Amino acid sequence: MSMHASDSMFAFLTFLPFILYLVVIVFAVYFVIKVIKFMNEKVKLDREKNEKLTEIVKVLNQEKRD
């Protein structure tokens, strides 16, 4: 029994939904990981910015008193 082109195409079309589902799941996982990394970096930078702003406010308050 030899496989014809139509048989192989039918086999491909049978697995196509599974392949698309797998691609969507992989993309979703990749996207979530990237968002989490971005948010962690953003939180770190925001903390640093807040610390610097606090230092600036302290310096300005000291200059005001003097």
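- Under the annotation held in an unreviewed UniProt entry, the protein carries the name ABC transporter permease and is attributed to Oceanobacillus picturae.

1. Observations regarding a nonpolar patch on the surface
Consideration 1: Together, Met9, Phe12, Leu13, Phe15, Phe18, Ile19, Leu22, Val23 and Val26 line one region of the surface with nonpolar side chains, adding up to about 900 Å² of accessible area.
Consideration 2: Position of Phe12 among the secondary structure elements: in helix α1 (residues 5-65).
Consideration 3: For Phe12, a relative accessible area of 43% gives the class partly exposed.

2. A closer look at the pattern of salt bridges
Consideration 1: Within this structure, the stated rule accounts for 1 salt bridge.
Consideration 2: A salt bridge links Lys42 to Asp46; its shortest N-O distance comes to 2.9 Å. Of this pair, Lys42 and Asp46 both sit in helix α1, separated by 4 residues, roughly a single helical turn.
Consideration 3: Classification of Lys42 by relative accessible area gives partly exposed; the value is 36%.

Rules used in this analysis
Residues numbered from 1 in each chain as written. Predicted model: local features only at pLDDT ≥ 70, side-chain atom pairs only at ≥ 80, totals over all residues. Heavy atoms only, no water. Patch = residues over 30% accessible without salt bridge, like charges linked within 9 Å, V, L, I, M, F, W, Y side chains within 5 Å. Areas by Shrake-Rupley, 256 points an atom, 1.4 Å probe, with all protein chains shown as cover. Salt bridge = Lys/Arg side-chain N within 4 Å of Asp/Glu carboxyl O. Helix = DSSP H or I, 4+ residues; strand = E, 2+ residues; numbered from the N terminus. Buried < 20%, exposed > 50% of the residue type's maximum accessible area, 1.4 Å probe, protein only.

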